[in-house]
Amino acid sequence: MKKFGKKLVATTVAATMALSFAACGGSGSGATTQAATQASGGGDTEAAAPAASGDAIEVGIINNDPNESGYRTANDKDLKAMFGDGNSVTNGYHAQYAYSLKNDEQIAAAQKFIQDGVDYLLLSAADTSGWDGVLKDAQAAGVQVILFDRTIDADPSLYAASIVSDMDKEGEQAANWLKDQNLSEYNIIHLQGVMGSAAQQGRSGALDTLAKENGWNIVTQQTAEWNAEKAEQIVKSVIDSGEKFNVIYAENDDMAKGAVAALDKANISHGVGKDVVIIGFDCNKWALEELLAQNWNYDGQCNPFQAKYIDEVIKTLESGGTPAEKTIIMEEKGFDATTIKQEDVDNYGI
């Protein structure tokens, strides 16, 4: 890439941004830095590393909190194996990282990375909306944007490629599996992820559609924000209310684990042939082991290993080419406790 020209444009954009912050009552670029360096889960940016030398490709990586789930931990580890931890050049890359579960803090971090003059902005958005302004700023500064893990609601011309899971398909596979169980009745506790995220929208939408079409009873539908403890509290409250349920549809494995903890404390059986059907997503190894033991019923795969695909896109762009596909969909499957094998746990568990 012609980095000198790009950096010059980035400097101009940064100056414009600083004026914009001041006009809104902020404190210039300091407002962006403060928002981007709060504690993990609320805008955590890793300490700035010494400037990379030579022709290293500069990447700014914006992700959700690595402690959010086993999936996210694996995703972050995969990215660092490819792009480095920010302390040195790895595979020709020098990386900066920012973590948050909040869209506004991710946006602030993205603006800072653009000001820093990165070559590529890699983005796993906390929310699908609100990104047009940042993406336009990146384009004006000559920064290529690559989406990973999650989609956003933005014109495709504003990003170079999108490497994502088909969250709608994940939800459809799970909801259709549930329908195929032909239960005598469907009384469902629905534990949702962080509201507005692509994963939540896809997994919730499919269940909502089939529940409406088939007259299923949604006992409660609440967000536990991917968190096991919050999920346990929600399920405990339903148990304490005495309301009848026989399905828990949890939008990630950690929430399913929390739900099962509440069932165990109440001596309610779960799994194959038991009182409550358990559905999770992400395919953590420990979750697939629960399926293998038939303590859970279904787990939908969400593939966290996107770094090699991102690397291929960057190499194509660096050579002056165009990615063959704008949207690259990760291959994923669902696992049934009655058919899963140990090799599935070994091969697909994260």
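Notes on the structure in this doc start here. (Residues numbered from 1 in each chain as written. Predicted model: local features only at pLDDT ≥ 70, side-chain atom pairs only at ≥ 80, totals over all residues. Heavy atoms only, no water.)

Section: the pattern of salt bridges
- Under the definition given, this model contains 13 salt bridges.
- Its salt-bridge partner being Arg 150, residue Asp 149 comes within 3.5 Å of it at the nearest N-O pair.
- Judged by its relative accessible area of 1%, Asp 149 is buried.
- Between Lys 244 and Glu 185 there is a salt bridge, and its shortest N-O distance comes to 3.4 Å. On the criterion of sequence distance, the pair formed by Lys 244 in the loop between α8 (228-241) and β9 (247-250) and Glu 185 in the loop between α6 (167-180) and β7 (187-192) is long-range, its members being 59 residues apart.
- The exposure class assigned to Lys 244 is exposed, which follows from its relative accessible area of 52%. (Salt bridge = Lys/Arg side-chain N within 4 Å of Asp/Glu carboxyl O. Buried < 20%, exposed > 50% of the residue type's maximum accessible area, 1.4 Å probe, protein only. Helix = DSSP H or I, 4+ residues; strand = E, 2+ residues; numbered from the N terminus.)

Considering unusual backbone geometry
- Here Glu 225, not a glycine, exhibits a phi torsion of approximately 55°, which is positive.
- By secondary structure assignment, the location of Glu 225 is in the loop between β8 (217-223) and α8.
- You can call Glu 225 partly exposed: its relative accessible area is 39%.
- We note that Cys 283 has phi near 65°; this positive angle belongs to a residue other than glycine.
- Along the polypeptide, Cys 283 turns up in the loop between β10 (277-282) and α10 (285-292).

Considering helix α9 (residues 253-265)
- Between its first and last C-alpha atoms α9 spans 18 Å; for 13 residues at 1.5 Å apiece the expected length is 18 Å, and the two agree.
- Within α9, the full set of buried residues consists of Asp 253, Asp 254, Met 255, Ala 256, Gly 258, Ala 259, Val 260, Ala 262 and Leu 263.
- Two residues or fewer past α9, Asn 267 is found with a positive phi of approximately 55°. (Expected span 1.5 Å × (residues − 1).)

A short note on the sheet that holds β7
- In space, the 6 strands of this open sheet follow the order β8-β7-β9-β10-β11-β13, with mixed pairing throughout. Looking at strand neighbours, the two that pair on one side only are β8 and β13 (334-336), the edges of this open sheet. Each strand axis lies, on average, 15° off the axis of its neighbour in the sheet, ignoring direction.
- One ladder, built from 3 bridges, connects strand β11 (residues 298-301) with β13; its direction is antiparallel. Considered in β13, the bridge of Tyr 298 is made with Asp 336.
- Running over the sheet, helix α7 (residues 198-214) touches β7, β8, β9 and β10 and is turned about 165° from β7. (Pairing = 2+ DSSP bridges. Axes fitted to C-alpha atoms, helices over the stretch in contact; angles between N-to-C directions. Contact = heavy atoms within 4.5 Å.)

Describing the nonpolar core
- By size, the foremost hydrophobic cluster in this structure holds 35 residues, and its most contacted members are Leu 191, Val 235, Phe 245, Ile 248 and Ile 278.
- Sort the elements by how many residues they give to this core and α9 lands first, with 6 residues.
- Residues in contact with Ile 248, not counting those within four places in the same chain, are Ile 189, Leu 191, Val 235, Ala 259, Leu 263, Val 276, Val 277, Ile 278 and Ile 279.
- Counting 24 residues, the second largest nonpolar core, distinct from the first, contains Ile 57, Ile 146, Ile 310 and Ile 314. (Core = buried A, V, L, I, M, F, W, Y, C linked by side-chain atoms within 4.5 Å.)

These figures capture arrangement, not role.
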